[in-house]
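Listed here are the chains, written in short residue letters.
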Amino acid sequence: MNTRSVRFRLTAWYAGLLAAVFVLFSVSTYQLLQHYLQHSLADLLLRRTDQIAVSLLANAEKTGDAYVADEIKARYAPENYDRFIRVTRGDGGVIYASGRAADFDPTGLPPSDHTRVARLADGSKLLVAARTYQSPGGRSYILESGGPMQPIEITLRRLLLLLVLGVPLVAGIAILGGYFLLRRALGPVVRIAQSAEQITLHNLNERLPLTDTGDELEQLSLALNRMIDRLREAFEQNRRFLADASHELRTPLTALRGELESVLPDAQPAPVRDRIGSALEEVDRLAKIVETLFAISRLEAGEAQREWARFDLAQLATGTAEQMALLADDKGVAVECDAAPGVNVEGDQARIKQVVVNLLDNAIKYTPAGGSIRLRVHALGQKAVMEVIDTGIGIPATALPHVFERFFRVDEARSRQVDGAGLGLAIVKSICAAHGGLVEVDSAEQRGSRFRVELPLAQKV
Ligand code: ADP
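Residues numbered from 1 in each chain as written. Predicted model: local features only at pLDDT ≥ 70, side-chain atom pairs only at ≥ 80, totals over all residues. Heavy atoms only, no water.

Within the open sheet, the five strands sit side by side as 2-1-5-4-3. Their pairing is antiparallel. The strands lining the two open edges of the sheet, one partner per strand, are strand 2 (94–97) and strand 3 (114–119). Strand-to-strand twist of the sheet, defined as the mean angle between neighbouring strand axes without regard to direction, takes the value 15 degrees. Inspection of the sheet shows strand 1 (residues 84–89) paired to strand 5 (residues 140–148) by six bridges, in the antiparallel sense. Pairing of Arg-89 across the sheet is with Tyr-141, part of strand 5. Against the sheet, helix 3 (residues 65–76) engages strand 1 and strand 2, with an angle of about 15 degrees to strand 2. (Pairing = 2+ DSSP bridges. Helix = DSSP H or I, 4+ residues; strand = E, 2+ residues; numbered from the N terminus. Axes fitted to C-alpha atoms, helices over the stretch in contact; angles between N-to-C directions. Contact = heavy atoms within 4.5 Å.)

Shown next as structure tokens:
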């Protein structure tokens, strides 16, 4: 998974979580304020009923109902303040009812300590609180006091507006901030991944960048660097073994060849001479394998740099193809060159020639009579590209990933007639890698193969 998708996935999660928290926060803030404001208004209204009860109704027997009504009007001026006040006797007689009562149907007396919302004719709402009162003289009253809900509604509407506009804005800023923070936090991971991508068997000495922050990312870099160390060590051991083994085998093989060559001319009778002759051939084959292994181990140790020079790959390729034309002719295979001179590269010319030879040799070996081979060399961007395209037997898809491995041969049956030990392409790969290049292949069975070598172009002088 790439970091972009990690970044987007985490941001999406974060955004979802944040949105849920903000929605929850908005809903609960709205509900809490609504509850608080209604509760405060109801409290105020109930206190007003208490005031009326204590200051006016307590003495109503003496002062009379008309006095109570006048006093309420004078003290609370319900009409002027949009209020509603109603005092009803226990027997149902209304002592006082403010003008607002006409705006809604107040029939049916509410239970004590009860609040309700009444809708007025003009559409506005009134919160009405009711309470029963028992005077010291034994009379009972029902007091109702109402106040407009409009101020509460206006406050709530403003809060809603603030939440609807403000919360997405704040959430948006937080999400954007989160995204950039995440990008910053993942930046070192991207750099570590890019550096890790650059590390191959040929630059195992390089290390991943350390962030020096003492955090998990530094630990990750350190752990990966230690892993690269272990890989380098294992790889180095492997290479050293190959170098030592092939080096040690060269001397006895040379001695063996010398011995066989010295006894060959005098060997009698003829069958013995023939046997020595074929033993010599096998020794030669073995010596070639050992030489190739030794060469591979030296290339992997980076020793190719010694013979470094600048040369024209196109010229080298066409020259080599001309030298090999006879071989192709013998097999009835046509070789066509398509290489304009001036594709300069830097490297070990003899080694690169070996690449051309091996690829052409394989193409000739695995292309039946009547087929053709095309050798192309051209510059592409900063790269020199050489292609060997044949119309031969091709390579099965299952074998394709392994053809550059040492000692790999597609199958013994089809390679029976042709000699080789499965080292030709392995050394091609080692040479290309030692020159900072690469080799790749695509192939279709019975249709042909295309080997493509890429080398860095030499700097212009
Ligand atoms: P060898 O020296 O035995 O040819 P290589 O390493 O050169 O070994 O090649 C490995 C295997 O890849 C060979 O056994 C052969 O089957 C296959 N191969 C290489 N080049 C070609 C080609 N041009 N067409 C078909 N098969 C190929």
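It is worth spelling out the site of the ligand at this point. In the vicinity of the ligand lie 21 residues, with Asn-362, Asp-390, Arg-409, Gly-422 and Leu-425 positioned nearest. Here an oxygen atom of the ligand sits 3.2 Å away from a polar atom, N or O, in the side chain of Tyr-366. With the chains in place, 98% of the 540 Å² that the ligand exposes on its own is no longer accessible. Those elements giving two or more residues to the shell around the ligand turn out to be helix 8 (349–365), helix 9 (424–434) and strand 12 (448–456). For the shell around the ligand, the element with the highest residue contribution is helix 8, accounting for three residues. In terms of residue class, the shell around the ligand is made up of 10 nonpolar, seven polar and four charged. (Near = heavy atom within 4 Å. Polar contact = N/O pair within 3.5 Å; in protein donor to acceptor, adjacent residues only side chain to side chain. Areas by Shrake-Rupley, 256 points an atom, 1.4 Å probe, with all protein chains shown as cover. Nonpolar A, V, L, I, M, F, W, Y, C, P; charged D, E, K, R; others polar.)

Okay, the packing of aromatic side chains next. Under the counting rule described, the total for this entry stands at four aromatic pairs. On the basis of an interplanar angle of 25 degrees and a centroid distance of 6.5 Å, the ring pair of Tyr-133 and Tyr-141 is categorised as stacked. Side by side, Tyr-133 and Tyr-141 carry an identical accessibility label, which is buried. Taking 6.2 Å as the distance between ring centres and 85 degrees as the angle between the ring planes, the aromatic pair formed by Phe-404 and Phe-451 counts as edge-to-face. A residue pair is termed long-range when its members are at least 10 positions apart, and Phe-404 in the loop between strand 10 (383–390) and helix 9 and Phe-451 in strand 12 qualify at 47 residues. We note that Phe-404, like Phe-451, is buried. (Phe/Tyr/Trp six-rings, centres within 6.5 Å; stacked < 30°, edge-to-face > 60°. Buried < 20%, exposed > 50% of the residue type's maximum accessible area, 1.4 Å probe, protein only.)

The backbone phi angle of Phe-407 is positive, close to 65 degrees, even though this residue is not glycine. Mapping Phe-407 onto the fold places it in the loop between strand 10 and helix 9. The exposure class assigned to Phe-407 is partly exposed, which follows from its relative accessible area of 45%.

Bringing helix 6 (residues 270–300) into the picture now. With 31 residues, helix 6 extends 45 Å from end C-alpha to end C-alpha; this agrees with the ideal 45 Å at 1.5 Å per step. Phi for Gly-302, located one or two positions after helix 6, is positive at around 80 degrees. (Expected span 1.5 Å × (residues − 1).)

Its place among the elements puts Gly-147 in strand 5. Counting along the chain gives 19 residues from Gly-147 to Val-128, while the straight-line C-alpha distance between them is 6.6 Å. With residues up to four places along the chain from it excluded, the contact list for Gly-147 reads Leu-41, Leu-45, Lys-125, Leu-126 and Leu-127.

In terms of burial, strand 5 is a largely internal element, seven of the nine residues being buried. Pairing analysis gives nine bridges linking strand 4 (residues 125–134) to strand 5, with the strands arranged antiparallel. By the bridge assignment for strand 5, Tyr-133 is matched with Tyr-141. Where strand 4 folds back onto strand 5 in an antiparallel hairpin, the turn is made up of five residues, including Gly-138, whose phi is positive at roughly 100 degrees.

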